[in-house]
Amino acid sequence: MAVAKPADILSALGAVEDPELGSDLVALGYVQDVASKAGSVGLTLHLAMPEGAARAALVEAARAAVAGLPGVDSVDIQVLADPGERPAVDEGVLSGVRNVVAVASGKGGVGKSTVAANLALALKQTGAAVGLLDADMYGPSVPTMFRVSEPLRVADDNKILPVEALGIPLMSIGFMAGQGLPVIWRGPMVSNMLQQLLQQVAWPPLDYLVVDLPPGTGDTQLTLCQMAPVNGAVIVTTPQELSLIDAHRGLEMFRKLNVPVLGLVENMSGFTCGHCGKVTDIFRRGGGKRIATQLGVPWLGSVPLDPAVVVAGDEGEPIVVRDPASSGARAFLAVARTVAARLHEHNRRQADAPEGELKLNW
Ligand SMILES: Nc1ncnc2c1ncn2[C@@H]1O[C@H](COP(=O)(O)OP(=O)(O)OP(=O)(O)O)[C@@H](O)[C@H]1O
Ligand SMILES: [Mg+2]
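Residues numbered from 1 in each chain as written. Chains lettered and ligands numbered in written order. Predicted model: local features only at pLDDT ≥ 70, side-chain atom pairs only at ≥ 80, totals over all residues.

## Here we look at the overall build of the protein chain
Within the protein chain, the secondary structure is distributed over 11 helices and 16 strands. In the protein chain, 76% of the contacts between residues at least 6 apart in sequence involve partners at least 24 apart. (Helix = DSSP H or I, 4+ residues; strand = E, 2+ residues; numbered from the N terminus. Contact = placed C-beta atoms within 7 Å.)

Printed below as a string of C-alpha cells:
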C-alpha cells in the first residue's frame with residue numbers, strides 16, 4: 001500500500017487557510033508530529049487559541065485535505081489548543097504568567113487603554129486565562145473602563161490581590177486612589193510603584209497578562225521591559241501622520257529593549273455614519289498599514305471610530321462584552337486573534353531555536 005510523503009501532506013495542509021487569520025495551517029506553525037505509514041496519516045494541529053468559531057471546520061478541512069492524498073485511507077488528528085509561552089525566565093517576576101503583552105503608543109489619546117481592555121476581554125473570549133495590568137500611573141483608565149471602585153485587598157503574605165471584573169483579574173494604580181497617592185510622580189517613584197505592582201500582585205495562573213502603558217517612551221516602559229518578561233508589544237496608532245511618527249518612536253524603543261513588536265493596530269480608522277451609512281475618514285485612513293509595511297512590522301488590523309466604543313468604555317463595560325456583534329467589537333476580536341497567533345508563532349520559533357540563538361523575529 002502507498003505511503004503518503006510528508007512533503008505532500010504539508011503541501012495539502014498548506015492549502016488550508018484559517019479564515020479568521022487569513023493564513024494557512026503550515027505558515028501559522030499549527031502542524032506538528034506528522035507521521036505517515038501505509039494507508040494512514042497521523043498529525044497534531046497545535047492551534048493558538050482554545051476556542052474559535054471556525055475551529056471545528058478548520059480541523060475537518062485539514063482532515064479532508066490529507067484524506068484526499070493518494071493512498072490515504074485514515075487520518076488521525078490530535079488537536080492541541082494552547083497559546084504557548086515565552087521561554088522560561090529566572091527573575092520570578094510574573095512567574096505564573098505565560099505571556100506578557102504590552103500595549104503602547106508614542107502619542108497620548110490614541111486609544112491604548114481602549115485597545116488594552118478590549119484585547120484582554122477578547123483574548124478571554126478565545127478561551128484563555130487573561131489578566132489586565134494598568135501601568136499608567138498618571139492617568140489610570142481601568143477603574144473607569146471596568147467600573148471598579150472597591151478598595152484593594154492585601155493577603156496575609158502581603159501580596160496584593162487583583163480585583164475581578166467582567167471575568168478577568170485586574171490591577172491598577174487607580175485602585176489605590178485615595179490611599180495617599182501623590183499627585184505628582186517623579187520618575188523614580190513611578191518605577192518603584194510599578195516594580196511593586198510587578199512583584200507583589202498575586203495573579204492567578206494566566207495565559208496572557210495585557211499591560212496598558214502610558215503614552216510615550218518613559219520610565220514606565222523602561223521599567224516594565226527591564227523587570228518583566230514582556231514577550232510582545234502591540235503599538236496603537238491613529239491613521240494621521242503625526243500619530244504615525246510617534247508610533248515609529250514607540251517601535252524603536254521596543255526594538256532597543258529587545259521586545260518583539262507583535263504589530264501595529266490602527267485605531268479610530270474611518271467612521272460609519274449611523275444615519276446614512278457613509279464612511280468618513282476623520283483621521284484619514286490606511287496610514288497604519290503603510291507604516292507597518294515600511295517598517296517591516298506586522299499589521300494587526302484596524303478598529304473603526306465608533307461612538308459606541310466610547311460609551312461602552314465610559315460605562316464600565318467595554319464594547320467586546322457590551323455588544324460583541326458590533327463592528328467595533330468584531331474588529332477588536334480580529335486583532336486579538338491575530339495577536340494570539342503571532343505570540344504562538346514567536347513562542348514556537350523561540351522554543352525551536354537552538355540555545356543562544358533565540359532572539360528577535362520581527
Ligand atoms: N475606536 C474608537 N472609537 C471611538 N472612540 C474611541 C476609540 N478608541 C478610543 N476611543 C476613545 O478615545 C478616548 C481616548 O482613548 P483611550 O483612553 O483608550 O486612549 P489612550 O491612548 O489610552 O490615552 P492616554 O494616552 O491618555 O492613556 C476615549 O474617550 C475612548 O473612549
Ligand atoms: Mg490610556
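## Remarks on the environment of Leu 132
Here Leu 132 is to be found in strand S7 (residues 130–134). Sequence-distant contacts of Leu 132, defined by excluding residues within four places in its chain, comprise Ala 116, Ala 117, Ala 120, Val 142, Ile 168, Leu 170, Val 210 and Asp 212.

## Here we look at unusual backbone geometry
Backbone geometry places Asn 158, a non-glycine residue, at a positive phi of 75°. Along the chain, Asn 158 falls in the loop between strand S8 (153–154) and strand S9 (160–161). What makes Asn 158 exposed here is the crowd of 8 C-beta atoms within 10 Å. A positive phi is found at Asn 258, a non-glycine position, where the angle reads about 60°. Of note, Asn 258 is situated in the loop between helix H7 (241–256) and strand S14 (261–272). (Buried ≥ 20, exposed ≤ 12 C-beta atoms within 10 Å, placed from the backbone.)

## Description of the site of ligand 1
Looking at ligand 1, there are 22 residues lining it, with Gly 108, Gly 111, Lys 112, Ser 113 and Thr 114 nearest. Where the shell around ligand 1 is concerned, the elements lending two or more residues are helix H3 (112–125), S14, strand S16 (299–305) and helix H9 (307–314). Looking at the shell around ligand 1, its residues break down into eight nonpolar, 11 polar and three charged. (Near = placed C-beta within 6 Å. Nonpolar A, V, L, I, M, F, W, Y, C, P; charged D, E, K, R; others polar.)

## Things to note about H3
Over its 14 residues, H3 extends 20 Å from the first C-alpha to the last, a length consistent with the 20 Å expected when each residue adds 1.5 Å. Of all the 14 residues making up H3, 14 are buried; the element is thus mostly covered by neighbouring parts of the structure. (Expected span 1.5 Å × (residues − 1).)

## Considering H9
Of the residues making up H9, those classed as buried are Val 309, Ala 312 and Gly 313. Buried residues of H9, seen end-on, are gathered within an arc of 95° and therefore sit on one face of the element. Every exposed residue of H9 that faces more than 90 degrees away from the buried side is listed here: Pro 307 and Asp 314. Close packing links the buried residues of H9 with H3, helix H4 (142–145), helix H10 (319–322) and helix H11 (327–352). (Arc of directions from axis to C-beta.)

## A look at the nonpolar core
Judged by nonpolar contacts, the single largest core of 101 residues is most densely connected at Val 103, Leu 119, Val 210, Val 211 and Phe 332. With 10 residues, the single largest contributor to this core is H11. Two domains each donate at least three residues to this core, and these are domain 1 (6–81) and domain 2 (100–352). Leave out the neighbours within four places in its chain, and Phe 332 touches Asn 118, Leu 119, Ala 122, Val 303, Ile 319 and Val 320. (Core = buried A, V, L, I, M, F, W, Y, C linked by C-beta atoms within 7 Å. Domains from an automatic or database assignment.)

## Examining the environment of Met 189
Secondary-structure assignment places Met 189 in helix H5 (residues 187–200). Judged by the 14 C-beta atoms lying within 10 Å of it, Met 189 falls in the partly exposed class.

## Focus on the sheet that holds strand S3 (residues 31–37)
Spatially, S3-S4-S5 is the arrangement adopted by the three strands of the open sheet, whose pairing is mixed. Of all strands in the sheet, those bounded by a partner on one side alone are S3 and strand S5 (74–81). Averaged over all pairs of adjacent strands, the angle between strand axes in this sheet comes to 10°, irrespective of strand direction. Pairing analysis gives eight bridges linking strand S4 (residues 40–47) to S5, with the strands arranged parallel. Note on S5: the bridge partner recorded for Gly 42 is Asp 76. With respect to the sheet, helix H1 (residues 6–13) is in contact with S3 and S4, its orientation differing from that of S3 by roughly 135°. Each of S4 and S5 is contacted by helix H2 (residues 55–67), which is oriented at about 150° to S5, the strand it contacts most. (Pairing = 2+ DSSP bridges. Axes fitted to C-alpha atoms, helices over the stretch in contact; angles between N-to-C directions.)

## A look at the pairing of strand S11 (residues 168–172)
Within S11, five of the five residues are buried, which leaves it mostly tucked inside the rest of the structure. Taking every second residue as pointing to the same face, both faces of S11 are buried, with Ile 168, Leu 170 and Ser 172 on one and Pro 169 and Met 171 on the other. Note: S7 against S11, three bridges, orientation parallel. Residue Leu 132 lies in a different strand from S11, and its bridge partner there is Leu 170. Both strand S10 (residues 163–165) and S11 contribute to a ladder of three bridges, which runs antiparallel. Bridge pairing in S11 links Val 163 to Leu 170. Between the antiparallel neighbours S10 and S11 lie two residues, among them Leu 166 with a positive phi of about 50°.

## What about the packing of H1 against H2?
Two elements in contact, H1 and H2, have axes whose closest approach is 9 Å; the angle formed by their N-to-C orientations is 140°. Classified by the interaxial angle, the pair formed by H1 and H2 is oblique. In the packing of H1 onto H2, the handedness of the crossing is right-handed. Of the residues in H2, those touching H1 at Ile 9, Ala 12 and Leu 13 are Ala 62, Ala 65 and Val 66. Grouping the constituent residues of the contact of H1 with H2 by class yields six nonpolar, no polar and no charged. (Parallel < 35°, antiparallel > 145°, perpendicular 65-115°, else oblique. Left-handed = near helix turned anticlockwise from the far one by under 90°.)

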